[in-house]
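Reading the structure
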Amino acid sequence: MRFLFLLILLAGIGIGVVYPWAMTNFSGHEIGTWRVYEQGRFRPVTVPLAVRDAPVRVLVDLTARTERIDVSQQRTVLTLTAATGGRTVLASTLQFNHSENPRQVSPQLPDKIFRDEAGLIAKVSPGPYLFTIGPGDAEGIEMRAVDLVLRSGVGEIDRRARPVGFSLMAAGLIGLLLALRFGGRRPQDPNSQPPPPRWGRGSN
């Protein structure tokens, strides 16, 4: 039973954590990276996109002098909009709360790079796309740089993956703990005990 629950736990981790992370960071190919904030100034970026680029995943890398970013659900670190032909095709708020393992810029620097996903542009009309990133209402974050990252031809994450994965992780973990707690008690084999002494006639 322990092995079975361990398999369920590992399957949950694969479906709920590894699969979304891999789809976000490695599916498709990178179109490019653009610096949109540096030395205290934000600037919009215009990127030409083609039909063959669809779907396009929009990612934002935030370089900050902090170990982690912890903001409330009501606060946002950055805002992003993408527009083409005078219409907005993507609007998103970024919090970077789930960036548990930020990348390190350099071993000599305390700066860390946090990544968050702004969204997916499923259908692309050929032409220039204007990406505008600005500050949110969160305070106390010492931003050093912000980069816009676009990935082309990415796979779309199944929305059922995370709930199913987390449910399997919970079931596997609970089952494994119960198996470890009660699985060590084995019933005694009656044949393993010596027979009781016999008294009276016929005892020899």
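Note that the structure is a prediction, hence the values are computed from the model and not measured. (Residues numbered from 1 in each chain as written. Predicted model: local features only at pLDDT ≥ 70, side-chain atom pairs only at ≥ 80, totals over all residues. Heavy atoms only, no water.)

1. What about the overall build of the protein chain?
In terms of helices and strands, the protein chain carries two helices and 10 strands. Counting helices and strands in the order they occur from the N terminus, the protein chain gives α-β-β-β-β-β-β-β-β-β-β-α. Expressed as a percentage of its 204 residues, the buried residues of the protein chain come to 36%. Intrachain contacts of the protein chain at a sequence separation of at least 6 include 80% that bridge at least 24 residues. Accessible area for the protein chain stands at about 13300 Å²; split by element, carbon and sulfur atoms hold 55% of it. (Helix = DSSP H or I, 4+ residues; strand = E, 2+ residues; numbered from the N terminus. Buried < 20%, exposed > 50% of the residue type's maximum accessible area, 1.4 Å probe, protein only. Contact = heavy atoms within 4.5 Å. Areas by Shrake-Rupley, 256 points an atom, 1.4 Å probe, with all protein chains shown as cover.)

2. Description of the packing of aromatic side chains
In the structure shown here, the tally under the stated rule is one aromatic pair. The interplanar angle of 40° and the centroid separation of 4.4 Å between the aromatic rings of Tyr37 and Phe42 together place this pair among those described as tilted. The exposure class of Phe42 is partly exposed, given its relative accessible area of 26%. (Phe/Tyr/Trp six-rings, centres within 6.5 Å; stacked < 30°, edge-to-face > 60°.)

3. Here's the deal with the confidence of the model for the protein chain
Here the protein chain averages 83 in pLDDT, and 80% of its residues register 70 or above. When pLDDT is averaged over each element of the protein chain, strand β5 (residues 78-84) comes out on top at 98 and helix α1 (residues 2-26) at the bottom at 73. (pLDDT = per-residue confidence, 0-100.)

4. Brief notes about the environment of Phe5
Counting through the fold element by element, Phe5 comes out in helix α1. Taking the C-alpha atoms as reference points, Phe5 and Leu178, separated by 173 residues in sequence, lie 9.8 Å from one another. Aside from chain neighbours lying at most four places away, what touches Phe5 is Ala171, Gly172, Gly175, Leu176 and Ala179.

5. Let's talk about the pairing of β5
Burial along β5 is one-sided: Leu78, Leu80, Ala82 and Thr84 are buried, while Thr79, Thr81 and Ala83, pointing the other way, are not. As judged from the seven bridges shared by β5 and strand β6 (residues 87-94), these two strands associate in the antiparallel manner. Along β6, the bridge assignment pairs Ala83 with Thr88. If you look at the hairpin formed by β5 and β6, you'll find two residues sitting between the two strands, and Gly85 has a positive phi there, around 60°. (Pairing = 2+ DSSP bridges.)

6. Observations regarding the sheet that holds strand β9 (residues 127-135)
The four strands lie next to each other as β3-β9-β5-β6, forming an open sheet whose pairing is antiparallel. Where the open sheet ends on each side, the last strands, each with one partner, are β3 (45-49) and β6. Averaged over all adjacent pairs, the angle separating strand axes in this sheet is 20°, with direction ignored. Bridge analysis of β5 against β9 gives six bridges, and the strand direction is antiparallel. (Axes fitted to C-alpha atoms, helices over the stretch in contact; angles between N-to-C directions.)

7. Examining the sheet that holds strand β7 (residues 103-104)
Strand order across the open sheet formed by six strands is β2-β1-β10-β4-β8-β7, with antiparallel pairing between neighbours. Pairing within the sheet leaves two strands with one partner each, and these edge strands are β2 (41-42) and β7. Direction of pairing for strand β4 (residues 56-64) relative to strand β10 (residues 143-152): antiparallel, over a ladder of nine bridges. Paired with Thr63 across the strands is Ala145, a residue of β10.

8. As for unusual backbone geometry
At the junction of Ala54 and Pro55, the peptide bond is cis and its omega measures out at -15° in the coordinates. Along the chain, the position of Pro55 falls in the loop between β3 and β4. Not every positive phi belongs to a glycine, and Phe96 is a case in point at roughly 60°. Positionally, Phe96 belongs in the loop between β6 and β7.

9. Comments concerning the environment of Arg144
Counting through the fold element by element, Arg144 comes out in strand β10. As for Arg144 and Leu62, which are separated by 82 residues in sequence, their C-alpha atoms are 7.8 Å apart. At 3.5 Å, the side chain of Arg144 forms a polar contact with the side chain of Asp111. (Polar contact = N/O pair within 3.5 Å; in protein donor to acceptor, adjacent residues only side chain to side chain.)

10. A look at the pairing of strand β1 (residues 29-38)
Here eight bridges tie β1 to β10, and the two strands are oriented antiparallel to one another. Each residue of the ladder has a partner; that of His29, found in β10, is Ser152. Both β1 and β2 contribute to a ladder of two bridges, which runs antiparallel. For Tyr37, the partnering residue across the bridge sits in β2 and is Phe42. Between β1 and the antiparallel strand that follows it, β2, lie two residues; Gln39 among them carries a positive phi value of about 55°.

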